[in-house]
Amino acid sequence: MEALAGDTTVSLGGAKQRATLGYLLLHANRVVATSQLLRALWDVEDSPPTARKILQNAVWGLRNVISAAPPDTTPPTALLTQAPGYILRVDPELVDLSVFQQRATQGRAELAADAPEKAAALLREGLALWRGRVLCDLSETGISWPELDSANKVRLGAMEDLFDAELTCGRHHSVLGEIELLFAAEPLRERTAGQLMLALYRCGRQADALSVYDRVRSDLVENLGLEPGRGLQMLQRAILTHDLALTPGDEPVLYGTRPAARPSVRLVEAPAPASAPLATPAGAPVEPPHATPDPTLAAAGPSAPSARAANPPGEVARRLTVSTLLVGTQGGGDLVAPLPEELEDLDDTLDRLASLIRLEVEAFGGRVLATIGSTTLALFGVDDSAPANDAEQAVRAGVAIRDLLAAERGVYVRAAVTTGSALVRLRPDAPGSLPHVSGTLLDEGQVLLSQVPDGEVWINGAARIATAHIVACQPASDLWDSWRVGDVCDQGGCPQTDRILELGILGGLLDWTRHRSVPHLVTVLGEAGVGRTHLLMEFTRSISEQFPQSTRIVVARAAGAAGPLDLPAEILARCCRVKASDSATAAREKLATLVRTLPIDPAHQARLREGLLPLLPQSGTRTPGAEPELLRYWGEFLVALAGIVPLVVAIDDLHQAHPLLLDRIERLADSAGEAPLLLVVTARTELLEQRVDWGGGKRRVSTITLLPPVEAPASERVPNACPA
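Residue positions are given per chain, counted from 1 along the sequence in the order it is written. The model is predicted, so local features are restricted to residues of pLDDT at least 70 and side-chain atom pairs to those at 80 or more, both for listing and for counting; the totals for chains, interfaces and linings are taken over all residues. The side-chain quantities take in all heavy atoms of the structure and omit both hydrogens and water.

A.B. asks: So what exactly am I meant to see when it comes to helix α9 (residues 190-202) here?
C.D. replies: Along an α-helix, a turn takes 3.6 residues, which lines up residues three or four apart on a common side. Put simply, DSSP H or I for four residues or longer makes a helix, DSSP E for two residues or longer makes a strand, and each gets a number counted from the N terminus. For a helix, the expected span equals 1.5 Å multiplied by the residue count minus one. The terminal C-alpha atoms of α9 lie 18 Å apart, and with 13 residues this matches the ideal 18 Å at 1.5 Å per residue to within 8%. The rule is simple: take the accessible area with a 1.4 Å probe, protein chains only, and divide by the maximum for that residue type; under 20% is buried, over 50% is exposed, in between is partly exposed. Taken as a whole, α9 has its buried residues at R191, T192, A193, G194, Q195, L196, M197, L198, A199, L200, Y201 and R202. G204 occupies a position one or two residues after α9 and carries a positive phi of about 85°.

Okay, structure coming up:
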């Protein structure tokens, strides 16, 4: 805080006198009660007996300062006593904060009136008055008033308004640096993130724009358990499809020529009406937009098209939870470059396979929406007559199609099932008509299918949870939350075994770890086929159902991990949500984002971030001999990560892990200090042949040996669940 008389700086006295003036300026021209001032200057428990006298002395000192300065206005500035306290009368034009608020309000009005040039000028004039946080000198003394946070939030909003104005004017190159600085300081502000994505896209940096979305989504999910808002999701989709609406009206389109009279685009953030629901319930009709805009892409100008097209006559749009099945086939010749004489036979083969797929889909209550070349798309969960668990029927259909076509000589098939929310357009007046489906669920299915090897069926996380009672799954690949379908039980459900006892033991150890913040290592031993993997998957499923937000679960498999760092690298990538398709820059940014949230000091964060970088798949070669040090950093990372929320690391087939990794895992629980970290590993008994003393003599290590399962009588069967 600084006061000027002409060009001369005025001394404002000690800390309490300055704080009194600062608080009165925040409430300029309004009466502030004496009790309110006292609470602002001292905490209730720290208030001295002479607090009221100290306040009176501060007011007396401020009056002397004001009276000694030459009057610059009529009426002059004055500090008056007015029941029940004091009022500081001052011309708002003499207070920088008041001037800023006026310019911000005027700029926002010009922006709403489609005058971005005037808006940018007013907003820049107001923001130029800022030289740091409001009353930052008083903050150093321990003062923390809600008014200070409110003023800084108004500043952030004005900066975002300025960015909107500059982007509308087509000045994305000049404003990009400012947006990047604000986003670095406020990574959870979705409006800023959207502006940065738009500016990067217009500068020809599409990959960087999508990387920003991935970072925001990771931060929101990890820190708040939330997905990005609808506006940011729509912007990401528009960038992926190179939507022409993202191009400013005064610049050429990135691909092709600019259409005539193309409206400019800016991101707007409008509060939802109090009566409006925050989300559309599943099955509810989707209404066309009204006067209040959604926080999404809005075109500036009266000729802007609606963000959502109206439904054709007789068609109803509903947001439903459905399951999609994508089936890819190959066989009967070379699909990429067939010989001329093979074309007709190949077409006949694909048509016959499509007919077989359609029959199987319909047998399980689904509907084939389209067959394009060798790929068939089916939908489950729309017809009222279909079975209730559409995810289960979709998985059963995929497995049945795979098994049926496996008998076809030279035919290869793969399938992907995704469950989630989608926008479905139906015609109630035409029961036989096919529904139209749109949404990111279809994109997720395409990405998943592209990774599925021949002869396998993969499902997403939502489908796994919905089918856990009949499907045994394993982690599929580096795709986040993708699962490979193993055994599928009969329609009556999986036979119940005595594994409920082992699940109870694991559940009790998890409760102990969570509530006592004590790390623990559990080894589940058993011969091949005894059900180790199924027990592990059932345990992680029960955790995800009981503690969906309060426990982090990471599942990996040691099979195929040749080196000591392969499995730790996979677990690190899953924690950071790093994909194989991510660039090295995006992978490093995801790692840095997660490390910044760890409850350790900044120096330790920086050291840990640099130490973990070589474990990222995008890091390239690793220094020979650095494995022990990298494994130590990996262990420190898991312990620190458990400090945010209890962490369960489940590793299947640990007997196939490298000896160096076995050493680190065995020592991790005892060396982790206090952290709610539960390591659950499965292995064949040959692990004890490699390590005779595995877990021996350690306080925080347990071993469960699985015997062949015992079938329980039908009358005693209970649902598979991990007891709390």
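Picking up after the structure, the text goes on.
A.B. asks: Even after reading the chapter, I still don't get the environment of L503, so can you show me in this structure?
C.D. replies: Relative to the helices and strands, L503 is located in helix α16 (residues 499-516). L503 sits in the buried class, given a relative accessible area of 2%. Residues L503 and F539, spaced 36 residues apart in sequence, show a C-alpha to C-alpha distance of 6.4 Å.

A.B. asks: What is the right way to read the pattern of salt bridges from this model?
C.D. replies: If charged atoms from side chains of opposite charge come close, those side chains can pair. Any Lys or Arg side-chain nitrogen located within 4 Å of an Asp or Glu carboxyl oxygen qualifies as a salt bridge. One pass over the full model with this rule turns up 26 salt bridges. For E227, the salt bridge is made with R217, and the minimal N-O distance between the two is 2.8 Å. Here R217 lies in helix α10 (residues 206-224) and E227 lies in the loop between α10 and α11 (230-240), a separation of 10 residues in the sequence. Given a relative accessible area of 43%, E227 falls into the partly exposed group. Relative accessible area serves as the criterion here: at 24%, R217 is assigned to the partly exposed category. Several salt bridges converge on common partners, so that one network encompasses R108, E160, D161, D164, R189 and R191.

A.B. asks: How should I be thinking about the sheet that holds strand β4 (residues 78-82) in this particular structure?
C.D. replies: Within a sheet, adjacent strands bond to each other through the backbone by hydrogen bonds, running parallel or antiparallel. DSSP-based pairing: two strands are paired if at least 2 bridges between them are found. Taken together, 3 strands build an open sheet; the order of strands is β3-β5-β4 and the sheet is antiparallel. Looking at which strands have only one partner, the edges of the open sheet turn out to be β3 (31-33) and β4. The mean angle between the axes of side-by-side strands here comes to 30°, regardless of whether they run parallel or antiparallel. The pairing of β3 with strand β5 (residues 85-89) spans 3 bridges and is antiparallel. By the bridge assignment, V32 is partnered in β5 with Y86. The contact definition used throughout considers only heavy atoms, calling two residues in contact when any of these lie within 4.5 Å. Helix axes are fitted only over the stretch in contact, all axes being lines through C-alpha atoms; the angle between N-to-C directions runs from 0 to 180 degrees. Docked against the sheet, helix α1 (residues 15-26) engages β3, β4 and β5, running at close to 70° with respect to β5.

A.B. asks: Before we go on, may I ask you to explain helix α7 (residues 146-168) in this structure?
C.D. replies: Between its terminal C-alpha atoms α7 stretches 33 Å, which fits the 33 Å expected from 23 residues at 1.5 Å a residue. Where α7 terminates, the next one or two residues include G170, which has phi positive at roughly 85°.

A.B. asks: Which parts of the structure should I look at to understand the pairing of strand β9 (residues 367-372)?
C.D. replies: Both faces of the sheet carry side chains from a regular strand, because those side chains alternate between them. Pairing of β9 with strand β10 (residues 375-380), which is carried by 5 bridges, proceeds in the antiparallel orientation. Bridge pairing links V368 to A378 in β10. Linking β9 to β10, which pair antiparallel, is a turn of 2 residues; within it G373 sits at a positive phi near 65°.

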